[in-house]
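Commentary on secondary and tertiary structure
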Amino acid sequence: MFRRTFWFTTGVAAGVWATTKVNRKLKQLTPESLARAAGNKAIEAGHRLKDRAVDFALDVRDNMAQREAELGDALGLNAPVDPELPAPRRYAAIENRTEPKTYVIDSTSYAYKKNSYNRNEDH
């Protein structure tokens, strides 16, 4: 009798455990649950991507500053100023002038037209 009771109780417990397990899995496979899980994973991936992009941008900024300092040292722009030498001059890469440039070649002056982009103009 105890033997039958033991196996009956074991069978009931296994059935309850299996039913609970199946019901949990079915709840995980509902469309709402799948959409929520996908949304959570997408949000986590977005946060990881953002963190990596921020880290990359900070690395680029640090390396850019380091390289700029190296170039400044190589060109002598960051050197201490010697009181006997004049200060280094910096020239603008693009001059901003309001009057047109005038060139003199063989006593004939030619005016440079600003904002003239027509390549066939002189031909």
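Residues numbered from 1 in each chain as written. Predicted model: local features only at pLDDT ≥ 70, side-chain atom pairs only at ≥ 80, totals over all residues. Heavy atoms only, no water.

In the annotation of an unreviewed UniProt entry, the entry for the protein reads Secreted protein, and the organism field reads Streptomyces chartreusis NRRL 3882.

As for the overall build of the protein
For clarity, the threshold we go by: Strands are runs of DSSP state E lasting at least 2 residues, helices are runs of H or I lasting at least 4, and numbering of each runs from the N terminus. The rule is simple: take the accessible area with a 1.4 Å probe, protein chains only, and divide by the maximum for that residue type; under 20% is buried, over 50% is exposed, in between is partly exposed.
In terms of regular secondary structure, the protein is built from 2 helices and 2 strands. Shown N-terminal to C-terminal, the secondary structure of the protein runs as helices and strands in the order α-α-β-β. Per-residue burial for the protein yields a buried fraction of 2% across its 123 residues.

Let's talk about the pattern of salt bridges
Stated precisely, the cut-off is as follows: When a carboxyl oxygen of Asp or Glu lies within 4 Å of a side-chain nitrogen of Lys or Arg, that pair is called a salt bridge.
One pass over the full model with this rule turns up 2 salt bridges. In this structure, K50 engages D51 in a salt bridge whose closest nitrogen and oxygen atoms are separated by 4.0 Å. R67 serves as the salt-bridge partner of E70, at 3.2 Å between the closest nitrogen and oxygen. Of the two residues, E70 and R67 both sit in helix α2 (residues 31-75), 3 residues apart, roughly one turn of that helix. Owing to a relative accessible area of 47%, R67 belongs among the partly exposed residues under this scheme.

Considering α2
Threshold: Take the residue count of a helix, subtract one, and multiply by 1.5 Å to get its expected span.
For α2, which comprises 45 residues, the first-to-last C-alpha distance of 65 Å matches the rise-based estimate of 66 Å (1.5 Å per residue) to within 8%. Trailing α2 by a residue or two, G76 shows a phi angle of about 80 degrees, which is positive.

As for a nonpolar patch on the surface
Rule in force here: Nonpolar side chains (Val, Leu, Ile, Met, Phe, Trp, Tyr) within 5 Å and like charges within 9 Å form the patches, drawn only from residues with over 30% relative accessible area and no salt bridge. Each accessible area is a Shrake-Rupley estimate made with a 1.4 Å probe; only the visible protein chains count as cover when residues are assessed.
The grouping of F8, V12 and V16 at the surface amounts to a nonpolar patch, some 300 Å² of accessible area in total. Structurally, V16 is set in helix α1 (residues 2-28).

Considering the environment of L34
Short version of the rule: In what follows, a contact means two residues having at least one pair of non-hydrogen atoms within 4.5 Å.
Take L34: it is sitting in helix α2. For L34, a relative accessible area of 44% translates into the label partly exposed. When sequence neighbours within four positions are dropped, the list of residues in contact with L34 reads Q28 and L29.

Topic: the side chain of S33
Locating S33 in the fold gives a position in helix α2. Residue S33 is classed as buried on the basis of its relative accessible area, which comes to 16%. Look past the residues within four positions of S33 in its chain and what remains in contact with it is K27 and Q28.

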